[in-house]
Amino acid sequence: MSDKDETQTPAEEAPQMTAAEAVKRVRRTVVEMVDGRVDGKPAKVPKPRQVPLSASEVLAVADHGTHVVVVTTDGQKFTDRSE
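Described below are features of the structure shown in this document. (Residues numbered from 1 in each chain as written. Predicted model: local features only at pLDDT ≥ 70, side-chain atom pairs only at ≥ 80, totals over all residues. Heavy atoms only, no water.)

What follows is about the sheet that holds strand β3 (residues 58-63). Within the open sheet, the 3 strands sit side by side as β3-β4-β5. Their pairing is antiparallel. Unpaired on one side and paired on the other, β3 and β5 (77-79) mark the two borders of the sheet. This sheet shows a mean twist of 20° between the axes of neighbouring strands, independent of strand direction. Note: strand β4 (residues 68-72) against β5, 3 bridges, orientation antiparallel. Paired with Val 71 across the strands is Lys 77, a residue of β5. (Pairing = 2+ DSSP bridges. Helix = DSSP H or I, 4+ residues; strand = E, 2+ residues; numbered from the N terminus. Axes fitted to C-alpha atoms, helices over the stretch in contact; angles between N-to-C directions.)

Mapped onto the fold, Met 33 is located in strand β1 (residues 27-38). Counting along the chain gives 13 residues from Met 33 to Pro 46, while the straight-line C-alpha distance between them is 4.6 Å. If sequence neighbours within four positions are ignored, Met 33 has contacts with Lys 44, Val 45 and Pro 46. (Contact = heavy atoms within 4.5 Å.)

Keep in mind these numbers describe shape, not what the thing actually does.
Structure below.
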């Protein structure tokens, strides 16, 4: 018998989340300028929109149990944790 607790899986033995699984949970916020009104006059107004990432953009994935962090090839970090 060993002193090690067999019920816990070490992090290096835990199944790794794939890029495809991670991008299903994470979204990128982009801001589009759309036609709208400011003070009753026509103007371009910002409208935030959530768009999905693609698996080809993913450089690294970290599953922290409570949330997932995705690092893209251009160096941006995204998470599924609500702020």
